[in-house]
Structures are given as structure tokens and as C-alpha cells.
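Listed below are the residues making up each chain.
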Amino acid sequence: MAEIEETRIETATLEFDAIRAGEGDRLALLLHGFPDDARTFVPLMERLADEGYTAVAPYMRGYGGTDTPPLETSNYSVMSLGQDIVALLNALEAEDALVVGHDWGASAVTALSIMNPSAVGECVTMAVPPNVIEVFNKYPSQAMRSWYMTFFQIPGLAEETLRRDDFALVERLWDMWSPAWDYSDERIEEVKETFRADDTVEAALLYYRALFEDALAVPADNMRVQGIEAPTLLVGGRNDGCITPRAFEDCEDCYEGRFELQMVGGAGHFMHAEKPDEVADAVLEFAGD
């Protein structure tokens, strides 16, 4: 089994803490979400490394030891996250890379696939469909699932609540979003340690405030996602307590390039950690086609 090593990547814009596995000829870049960190991908990275990839998972901007841009919403937009992927691929001198994103990482990969589809070989997006903004309008029940996003708009109180009782909210969200997942004490402690670092809490919440600002600034029709050309595997969990599985039903309309949808039974929002072998098999099969 491939060894997981810590590394640091200097790009033209930011420096990223990251973990790395394997020394293969092809890069797999993996981007995490909230509330999580790069080590969420360790099982998938080990499989990718064993199959001939160099797997690299950075801590997203503002997380852990990665550089934290000034704490303004403009620095934490989805487009900024997509630009980070371009900067990372350039720094790693990668061509035809496999790019994988979960949750906010998925939104970043979708942004990249819209901005610069030629920058990647294949994309894998997990847990968040490309048309997530439309989902809020189409399925009113999604607003109930996403109560935390509205709460995160309250400066000060949101930060205090996230830190309260040793990040008890992180555990609450994991339990709600993936109710059958028996995660380890070690894994949740790793994530809490990431959130204890510097301004990680402030930066993580700005992702949500930037999303609200962007969504409110333009008509809903202008937020429609369509014409994605990059080959994409979209992965959802059938028991996801965060994003309704119904949100994935019409996603094919967002793509013009090769597209596959994989719904993972018995898994929630963190399907790559709950069903690592099933998800790894799907990723490797898609990337190998």
C-alpha cells in the first residue's frame, strides 16, 4: 500500500499544504469539502497510487496550513477555487490530469470544467451536482437540509457556534449527512485539528457567504449550468442528508461531453469514505475508459 506523505505546493498565487501518495506517470488531484480536510481522500489516494497515479490532495485555500487570502468574500468565490486548481496543475506541471472534488471541491472542479475544460483529462465530482443553485428553487425541501448555509451568513455567531464544544457542530453535520457512517475518532480529530488552525473557521464560512453573494447578485436563470464539455463522473450518495438525491436526476442536461452518474447505495454525503472500494472502482473505471 502506498505511503501517504506530507508536502507543500507553491503556486503562482498561494502555497498549499498537501498530502501525496505514489509516483505514477499521471496526476490525480483531489479537492476536499466542508467540514473536512485533505485526509478524507486517503483510501482513494492509496488505490490510485496502486494503479499508477501520483495522487495529491491539497488543503483548500484557508484550511490548515494552506495560505489564507484576506478574509473577504471576493477571495472565496467558487471561481477563485476553480482558479486554484489551475494554479495547482501548473505548479505540478500536470497534463491530462484526473481531477476529483468532493462537496466544495466538487464545486471547484465544476467551475474549472466550465472555465477551462482542456486543462484536465477527466473530472469526478462528488456529492454536489453542477446545478446546485437550481436545486434550491426546484426542491423546497433542500432549503431545510441546507439550514446551516443560512446560519453561516451571521458573522460572529456562526464562527462562535462552529468552534463551540470542541467543534461539536462538525460531528453533528457528519451524523446528519451520513447517518450510517461509523467514522473513527482519529478521523474526526484530524478534521477538528485542521479547523483549530489559524483562520480556518473564518475562511471556511466565507465560502458560504461568497456563494450567497454571487447567487443573490444575478437572476436565477443566469446561474444555470450547461454545456460542460470535460468528461465527468458525478457521484452521489443515496442516503445523503445534505443534498437530496433527487438533485441528481436531471444533471445530464448540464453536460455536452462524456458523462456518467453513479449513485452509491448505503452511503450518505461522504460516500468516498463510507464506501471507499465502490467509489474507487467507479473512479478508476471512468478514468480508464
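Structure first, text after, so check above.
Residues numbered from 1 in each chain as written. Predicted model: local features only at pLDDT ≥ 70, side-chain atom pairs only at ≥ 80, totals over all residues. Heavy atoms only, no water.

A. Examining the environment of Thr11 more closely. Tracing the sequence through the fold places Thr11 in the loop between β1 (5–10) and β2 (15–21). For the pair Thr11 and Asp84, spaced 73 residues apart in sequence, the C-alpha to C-alpha distance is 8.6 Å. When near neighbours in sequence (up to four residues on either side) are disregarded, Thr11 contacts Phe16, Ala87, Leu88 and Ala91. (Helix = DSSP H or I, 4+ residues; strand = E, 2+ residues; numbered from the N terminus. Contact = heavy atoms within 4.5 Å.)

B. Geometry of empty space enclosed by the protein. Applying the stated criterion to the full structure yields one cavity of 30 Å³ or more. Here the element with the most residues in the lining of the largest cavity is helix α2 (residues 78–91); it accounts for four residues. (1 Å grid on protein atoms, 1.4 Å probe; cavity = no way out; pocket = protein on both sides within 12 Å on 5 of 7 lines; lining within 4 Å. Points joined across faces, edges and corners; volume = space filled by probe spheres on them.)

C. Region of interest: the environment of Gly156. Residue placement: Gly156 occurs in the loop between α6 (147–151) and α7 (157–177). For the pair Gly156 and Glu202, spaced 46 residues apart in the sequence, the C-alpha separation amounts to 9.2 Å.

D. Broad picture of the sheet that holds strand β6 (residues 120–126). Strand order in the open sheet made by the eight strands is β1-β2-β4-β3-β5-β6-β7-β8, with mixed pairing throughout. The open sheet terminates on both sides in strands that have one partner only, identified here as β1 and β8 (259–264). Between one strand and the next, the sheet's axes are offset by a mean angle of 25°, whatever the strand orientation. Strands in contact with helix α3 (residues 104–115) are β3 (26–31), β5 (97–102) and β6; relative to β5, the strand with the most contacts, it is inclined by about 135°. Contacts from helix α11 (residues 276–288) reach β3, β4 (53–58), β5, β6, β7 (232–237) and β8, with the element oriented near 155° to β6. (Pairing = 2+ DSSP bridges. Axes fitted to C-alpha atoms, helices over the stretch in contact; angles between N-to-C directions.)

E. Representation of the packing of aromatic side chains within the structure. Counting across every chain of the model gives 22 aromatic pairs. Centre to centre, the rings of Phe167 and Phe195 are 6.2 Å apart; their planes meet at 55°, and the pair counts as tilted. Of this pair, Phe167 sits in helix α7 while Phe195 sits in helix α8 (residues 185–196), placing them 28 residues apart in sequence. Residue Phe167 shares its accessibility class with Phe195, and that shared class is buried. Taking 4.3 Å as the distance between ring centres and 15° as the angle between the ring planes, the aromatic pair formed by Tyr255 and Phe259 counts as stacked. Take Tyr255 and Phe259: they sit in the same class, and that class is buried. A cation over a ring is seen here: Arg258 above Phe286, with NZ or CZ 4.0 Å from the ring centre. (Phe/Tyr/Trp six-rings, centres within 6.5 Å; stacked < 30°, edge-to-face > 60°. Buried < 20%, exposed > 50% of the residue type's maximum accessible area, 1.4 Å probe, protein only. Lys NZ or Arg CZ within 6 Å of the ring centre and 35° of its normal.)

F. Structural detail: the pattern of salt bridges. In the structure shown here, the tally under the stated rule is 23 salt bridges. For Asp166, the salt bridge is made with Lys192, and the minimal N-O distance between the two is 3.8 Å. Placement of Asp166 in helix α7 and of Lys192 in helix α8 is noted, with a sequence separation of 26 residues between them. What makes Asp166 partly exposed here is its relative accessible area of 38%. Where Glu260 meets Arg258, a salt bridge forms, and the shortest distance between an N and an O atom there is 4.0 Å. The exposure class of Glu260 is partly exposed, given its relative accessible area of 33%. For Arg258, a relative accessible area of 30% puts it in the partly exposed group. (Salt bridge = Lys/Arg side-chain N within 4 Å of Asp/Glu carboxyl O.)

G. Structural view of the side chain of His102. Its place among the elements puts His102 in strand β5. Leave out the neighbours within four places in its chain, and His102 touches Leu31, His32, Gly33, Phe41, Met126, Ala127, His269, Phe270, Met271 and His272.

H. Region of interest: α11. Helix length check: α11 (13 residues) gives 18 Å between terminal C-alpha atoms against 18 Å at 1.5 Å per residue, within 8%. Within the span of α11, buried status applies to Val279, Ala280, Ala282, Val283, Leu284, Phe286 and Ala287. (Expected span 1.5 Å × (residues − 1).)

I. Representation of the packing of α2 against α3. Interhelical geometry of α2 versus α3 gives an angle of 75° and a closest axis separation of 8 Å. One way to sum up the angle between α2 and α3 is to call them roughly perpendicular. Counting all contacts with α2, which are made through Val78, Met79, Leu81, Gly82, Gln83, Ile85 and Val86, the residues of α3 involved are Trp104, Ser107, Ala108, Val109, Ala111, Leu112 and Met115. Within the contact of α2 with α3, the residues separate by chemical class into 11 nonpolar, three polar and no charged. (Parallel < 35°, antiparallel > 145°, perpendicular 65-115°, else oblique. Nonpolar A, V, L, I, M, F, W, Y, C, P; charged D, E, K, R; others polar.)

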